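Fold and contact review
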Amino acid sequence: MAKELKLMKGNEAIAEAAIRSGCDGYFGYPITPQSEVMEHLMIEKPWETTGMVVLQAESETSSINMVYGGAGAGKKVMTSSSSPGISLMQEGLTYLAGAELPALVVNVVRGGPGLGTIQPSQADYFQAVKGGGHGDYQMYVLAPASVQEMYDFVFLGWEIAFKYRNPVMILSDGAIGQVMEKLYVGPHIPRWTEEELRKNAPWASCGKPADRDHNIITSLDLDSAKQELHNHKLQAKYREMEEKEVLFETINCEDAEYIFVAYGSSARIAQKAIQLGREKGIKVGLLRLITLFPFPKKQVAEFSKKVKGMLAVEMSAGQMVEDVRLAAEFRCPVEHFGRYGGIIHTPHEVLEALEEKIIKG
Amino acid sequence: MFNPDIIKPENLVYEKTNVLTDAVMHYCAGCGHGTTHRIVAEVIEEMGIQDKAICIAPVGCSVLAYNYFNVDAIGAAHGRAPAIATAIQRMFPDRHTFTYQGDGDLAAIGTAETIHACNRGENIVIIFINNGIYGMTGGQMAPTTLLGMKTATSPYGRTVELNGYPLQITELLAELPGTYYITRQSVHTAAAVRRTKKAIRQAFENQKNKKGTSLVEVVSNCNSGWKMTPVEANKWMVENMFVKYPIGDIKVDGEKVKK
């Protein structure tokens, strides 16, 4: 079926993708700069068309637990929020990971810490990829850099979430959430019927038929020996994701002597900085991270053997740069540049940082 | 005297419902949890809704309720069961999603989830065990602990100055228009068990008829937490807990019961 062209905000694209991807339920709480996700859903009223449930909860704590419940019953459920709200959801995220439940969580990041600001930021990287909640767990973390990717990653998110029975986070930022761009949307994928749900999620607690044992969804095992085995299983799953599910993009890297490593909005800005640099004769390329966990360790290691230096560009005081350094293992200089607290760096600032921190180094 | 010859179908006077598993319960002897589990399971069996029942287990003494109820189940984070039940019941409107929660879970850490699920009138059943103490963690003060009552975190007795008043959350929930049926029962005598069973049946029937939120509070002893024998604990419960938490219907068919 032909694709349809639309003009939308990133947040609206998330909502549109939810409806078109066969999502069963969205549970959220308003917070800037992502409130358009729920607003768009409430305007569209998908419960009258696809049967999708949309509910405004009393808090982010409640939203994520509604997601936990829906996921435990085998439904395709999601929530979205921004940084302070995502902090409140950490309890639910670790329970989702522990109980191995598929779910989709969108974080349209704003500046912190605390109530911070409502402007774009990338300072929730650690929280997204290093756990955030308690215990040894990982989410699959996707970093969209356009409105189109906000849309596309909802579909990809369901695929990964159900394949691995694991929560997936779309780590966006206030710029990608608020910017309007054109995007192509595809036809509606129908929601699963109950028969399909029972086939695709036989583990789900959605009512016990006479011919099977009762299903139990829990992250609890009071027997530590069993809990350790459960942890082994989780770790094996995360290693498999690292093996099979890494996504990235390389731009102008063929002849590059220097590499920007960036994701989301910063990757867009770095692309402009590449253009400015090349005009000055600086051979610079971009490694754009699409998955933040699993991190493209191998690709960073490869580049570290070839280039004269890498600049991690992110709207934070330096978070992703730690993973770049770990993967580069001191084979080349790795520096960080970024404005933060809600300030977006300019392409000129990015290029200048490359010249000062790496080239003159 | 054990006489194997009398084990015959025609001599059977009582049988464990198959809505309870064969797992050995971990509850203390004399505690109300085991009895309440049985009542809930029997109601599910009698209504023929085992395939539609989904249990949301709490954090607290009944954290392992999912091992005992032979129905699909989900273990909640502490206090979050009503939010979990909300989502499931909304996406599966023909199911019987019920939460099973203690006083710490429902009336302290989960107060917001409880009040808002009830206020939205979610079509769920809430079974609420109130024993005035945190049993599983070793007998600490609960929101429902009585004034003067000694616990591990109120070792000289609960005082208003230090701890505030015991929370009558059930009366509070009855004020919300979303709640349809609110009752307080107990399971310390055969007659009380029969009344509780009737109440729990009513709650699940309301859910079947999509009436909104039904909550059955069961005032129970916690003999180990109260440091009494089960018999002493039941006596103390009647003389003290029932004064603050009087037994009876609070709201029926969406109308508050006139006292």
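Preceding this paragraph is the structure being described.
Described in the following lines is the structure provided in the data block.

Reading the values: rules and limits
Residues numbered from 1 in each chain as written. Chains lettered and ligands numbered in written order. Predicted model: local features only at pLDDT ≥ 70, side-chain atom pairs only at ≥ 80, totals over all residues. Heavy atoms only, no water. Helix = DSSP H or I, 4+ residues; strand = E, 2+ residues; numbered from the N terminus. Rg over C-alpha atoms; globule rule 2.2 N^0.38 Å. Contact = heavy atoms within 4.5 Å. Lys, Arg positive; Asp, Glu negative; His and termini not counted. Charge placed at Lys NZ, Arg CZ, Asp CG, Glu CD. Buried < 20%, exposed > 50% of the residue type's maximum accessible area, 1.4 Å probe, protein only. Areas by Shrake-Rupley, 256 points an atom, 1.4 Å probe, with all protein chains shown as cover. Pairing = 2+ DSSP bridges. Axes fitted to C-alpha atoms, helices over the stretch in contact; angles between N-to-C directions. 1 Å grid on protein atoms, 1.4 Å probe; cavity = no way out; pocket = protein on both sides within 12 Å on 5 of 7 lines; lining within 4 Å. Points joined across faces, edges and corners; volume = space filled by probe spheres on them. Nonpolar A, V, L, I, M, F, W, Y, C, P; charged D, E, K, R; others polar. Salt bridge = Lys/Arg side-chain N within 4 Å of Asp/Glu carboxyl O.

For chain B, the count of helices and strands is ten helices and ten strands. By the compact-globule yardstick of 18 Å for 259 residues, chain B fits well, its C-alpha radius of gyration being 18 Å. Overall size of chain B, expressed as C-alpha extent along the three principal axes, is 60 × 50 × 35 Å. Across chain B, the fraction of contacts at a sequence separation of at least 24, relative to all contacts at a separation of at least 6, is 68%. Of the side-chain charges in chain B, 26 are positive and 24 negative, and the distance between the mean point of each set is 4 Å.

Before going further, it helps to examine the overall build of chain A. Helix and strand counts for chain A stand at 14 helices and 15 strands. A globule of 361 residues ought to have a C-alpha radius of gyration of about 21 Å, and chain A, at 21 Å, matches this closely. Its C-alpha atoms give chain A principal-axis dimensions of about 70 × 50 × 40 Å. The buried share of chain A, reckoned over its 361 residues, is 61%. Excluding contacts between residues fewer than 6 apart, the proportion of contacts in chain A whose partners are at least 24 apart in sequence is 78%. When the accessible surface of chain A is totalled, it reaches about 14,200 Å², and 53% of it is carbon and sulfur. Distance between charge centroids for chain A: 3 Å, based on 38 positive and 46 negative side chains.

Residues and elements named next belong to chain A. Taking strand neighbours across the sheet as the criterion, the seven strands line up as E3-E2-E4-E5-E7-E6-E13 in an open arrangement whose pairing is mixed. With one partner strand each, in any of the chains shown, strand E3 (53-56) and strand E13 (291-293) form the two edges of the open sheet. With direction set aside, neighbouring strand axes in the sheet form an average angle of 20°. Helix H5 (residues 90-98) rests against strand E5 (103-109) and strand E7 (167-173) of the sheet, and its axis sits at about 140° to E7.

Take the layout of surface pockets next. By rolling a water-sized probe across the atoms, one finds the places where empty space is left. In this structure, the largest pocket occupies an estimated 320 Å³ of space. In terms of lining, the largest pocket is formed by 17 residues, of which the most central are Ile216(A), Ile217(A), Thr218(A), Ser219(A) and Leu220(A). Secondary structure elements with two or more residues in the lining of the largest pocket: strand E9 (216-217) and helix H10 (224-244) of chain A together with helix H2 (65-68) of chain B. Counting residues per element, the lining of the largest pocket draws most heavily on H10(A), at three residues. When grouped by side-chain class, the residues that make up the lining of the largest pocket number six nonpolar, seven polar and four charged.

Once that is clear, we can look at the pattern of salt bridges. With the rule as written, the count across this model stands at 44 salt bridges over all chains. Among the salt bridges present, the one from Lys298(A) reaches Glu243(A), with a minimum N-O distance of 3.7 Å. With Lys298(A) in helix H12 (residues 297-306) and Glu243(A) in helix H10, this residue pair connects regions lying 55 residues apart in the sequence. A relative accessible area of 62% means that Lys298(A) is categorised as exposed. Glu243(A) gets classed as exposed once you look at its relative accessible area, which sits at 58%. When salt bridges with common partners are traced through the structure, they connect Arg38(B), Glu42(B), Glu46(B), Lys197(B), Arg201(B) and Glu205(B) into a single cluster.

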